[in-house]
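Structural features, examined
The lines below spell out each chain.
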Amino acid sequence: MHLRCSLTFLLLFCFILHLPAQTVGVTYTDNNSTPGYTFFSPFSGTRAYLVDDCGYLINRWDRGTRPGLAAYFLENGLMLRTYKVPVQGPFTSASNAGGLELVDWDNNTLWSYEINTDTWLSHHDAVYMPNGNILVLTWELVFTDELIEMGRNPNEIAPEGYMWSERIVELEPVGSSDANIVWEWQIKDHYIQDFDSTKLNYGVVADHPELFDINLPELNSSNSNSTRDWNHFNAIDYHEGLDQILISVRNSDEIWILDHSTTTAEAASHEGGLYGKGGDLLYRWGNGSAYQRAPVDDQVLFGQHGVHWIRPGLEGTGKIMIYNNGNGRPGPDFSTVEILVPPRTPNGGYIINEGEPFGPINADWIYGNAPGQNFYSPYLSNAQRLPNGNTLVNVGSSGLIFEIDENKTKVWEYVIPLNGDTPYTQGQNANNNSNFRAYKFDADFPGLAGKDLTGTTTIELGNSPVNCDLVNQTRAGNRSLTNVQVEVFDKTAFIRQSDNRELSVRVIGLTGQVFLLEKINGPENSVSLSHLPAGFYTLFVADNRGQGFTRKFVLPAGG
């Protein structure tokens, strides 16, 4: 018996040695990762995906359009997605959107709406609010005469005769294809300039940190698309308790906070709202030189993305998490994930000392600045705090998603296995798999209630990850199948349980082919796998209430 066991394991070992390297899908996992499901929507494809911790596909949304750029899986079980449309105006950017949609689990479009005219286009990001409205980033053309009147240096206006101004709108969805604009904010109401005393907005920039210098950045700067899109908002978030909006402003290497409690009229002014400042900036951080209160050498953000408030109930609730891309950082470029704690007043406002920039000087928490923490994405990207205190990091440009634990040790890694909508085969090196955002959810996430969370195959082709045992927390009373043990040995599955429940047993191959489907009951059962060819398989065991788990196994060639 021992000889036969040794031979079996030797063959198994040799079989594994000849498998291609794990280059895509799940490339690393250990027991300290957060059990859950990861959602992403690749930049170059037309689909969104939800996978489990072994990379098995749980759901796929086939949309037929590329994201533009954000996609979110919401607590109500819907997907909020921005999408690209044929653009009517002169907006030439990879960050174009034009469309927004709400889509159910089965890929049905429940609502869609387009902001796409000759002079106005949605872009990058949108956020779903607790009241069901949606805050959307949009570009709006502003032309040479108006720019000069507002104080922009005529030599710093794009030769086309217009530039792209930022306008945030709050949409109230109506029916299946319409919306009301119920609130808006425009950056052009909040400028300062020290270039021309005969024009609007003239003043001392350093005396007005609540306003933006209209002459930043210069046209020849290295910032993203700065000849037209000179602000380049790339993220928006909303805090219900504070009634504030958080924005990432890439081209000035800052984050801003705005007061949403204002009326639209107040948002266009410098007074009103809960914080008494109208639509002026309540807070900004990352680059004090943008308002002449710090030297350029003090800059701490470099092309950041994915800024948001950490959600209630998580470690660091209410703090701000930032993916700091690191473009132009002194020395070699590298990315970091940072958590910021702004100095606040008791009523939710922000403290700034006379003549100084907004604090703090440094982030409260940082990952990526120590040996062994190297990663870099020049664009896209985000991070997320998870329910168990771990942190998910999406290195967007390279399609790499990984998780670190509270000790900043990597515990899970996934390489998006797609070129557009075309899957890679295991062993290939992935490219063109960039991803704007990624998010992970545990089985208690409300949006997953009542959903079938059983994966049958990976997105990538070829061999699945080895040594990835997964407890599938199917939502049937929020419990997995208990008091059942499964072992696979010598081409036989041994299934033991503490009672006589009827169980369903399925064995599925890599391509989704069902190789075995039968019912069993009794305390001890053996299921022959002798008819299966060598390869990787998934064994599903479930009771009649849908509670169950999966077991990955490999059958070696021969004996």
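**With respect to the sheet that holds strand β12 (residues 178-186)**
- Ordered by their spatial adjacency, four strands build an open sheet running β9-β10-β11-β12, and the pairing between neighbours is antiparallel. Edge strands, defined here as strands with exactly one partner in the open sheet, are β9 (120-128) and β12. Pairwise comparison of adjacent strand axes, ignoring direction, gives a mean angle of 35 degrees for this sheet.
- Sheet topology places β9 next to strand β10 (residues 134-143); six bridges connect them, and they run antiparallel. Among the inter-strand pairings, Ala126 is bridged to a residue of β10, identified as Val136.

**Looking at the sheet that holds strand β22 (residues 365-367)**
- What the four strands build is an open sheet, ordered β19-β20-β21-β22; its pairing is antiparallel. This sheet does not close on itself; its edge strands, each paired only once, are β19 (305-309) and β22. Between one strand axis and the next, the sheet turns through 15 degrees on average, direction left out of account.
- As paired strands, strand β20 (residues 320-324) and strand β21 (residues 336-340) are joined by five bridges and run antiparallel to one another. Bridging from a neighbouring strand, Met321 pairs with Ile339 of β21.

**Points about the packing of aromatic side chains**
- All told, the structure shown has 28 aromatic pairs when counted by the stated rule.
- Ring centres of Tyr283 and Phe358 lie 5.2 Å apart, and the angle between their planes is 70 degrees; on these two criteria the pair is classed as edge-to-face. One end of the pair, Tyr283, is in strand β18 (residues 283-285); the other, Phe358, is in the loop between β21 and β22, and 75 residues separate them in sequence. Phe358 carries the same exposure label as Tyr283, and that label is buried.
- Among the aromatic residues, those joined into a cluster by ring pairs are Phe39, Trp61, Phe73, Trp105, Phe441 and Phe445.
- Sitting above the plane of the Trp120 ring, Arg167 keeps its charged end 4.2 Å from the centroid.
- Lying over the aromatic face of Phe402, Lys410 brings its terminal NZ or CZ to 4.6 Å of the ring centre.

**Let's talk about the pattern of salt bridges**
- Counting across every chain of the model gives 15 salt bridges.
- In this structure, Arg60 and Asp62 form a salt bridge, with 2.8 Å as the shortest nitrogen-oxygen distance.
- In this structure Asp62 comes out as partly exposed when scored by relative accessible area, which is 33%.
- Residue Lys410 pairs with Glu413 through a salt bridge whose shortest N-O separation is 2.8 Å.

**Some remarks on the confidence of the model for the chain**
- Averaged over all residues, the pLDDT of the chain equals 89, while 90% of them reach at least 70.
- A low-confidence stretch, residues 1-19 (pLDDT under 50), is modelled with 20 contacts involving residues beyond four sequence positions or located in other chains.
- Here residues 470-479 is modelled with pLDDT under 50, and outside its nearest four sequence neighbours on either side it reaches 38 contacts, counting other chains as well.

**A closer look at the nonpolar core**
- Counting residues in hydrophobic clusters, the biggest one holds 38 residues, and the most contacted among them are Phe39, Trp61, Leu171 and Leu448.
- In terms of residues, this core owes the most to one element, strand β5 (residues 67-73), which gives five residues.
- Core analysis: the next-biggest nonpolar cluster, separate from the first, contains 29 residues, Val127, Met129, Tyr191 and Tyr238 among them.

Cut-offs used in this document
- Residues numbered from 1 in each chain as written.
- Predicted model: local features only at pLDDT ≥ 70, side-chain atom pairs only at ≥ 80, totals over all residues.
- Heavy atoms only, no water.
- Pairing = 2+ DSSP bridges.
- Helix = DSSP H or I, 4+ residues; strand = E, 2+ residues; numbered from the N terminus.
- Axes fitted to C-alpha atoms, helices over the stretch in contact; angles between N-to-C directions.
- Phe/Tyr/Trp six-rings, centres within 6.5 Å; stacked < 30°, edge-to-face > 60°.
- Buried < 20%, exposed > 50% of the residue type's maximum accessible area, 1.4 Å probe, protein only.
- Lys NZ or Arg CZ within 6 Å of the ring centre and 35° of its normal.
- Salt bridge = Lys/Arg side-chain N within 4 Å of Asp/Glu carboxyl O.
- pLDDT = per-residue confidence, 0-100.
- Contact = heavy atoms within 4.5 Å.
- Core = buried A, V, L, I, M, F, W, Y, C linked by side-chain atoms within 4.5 Å.

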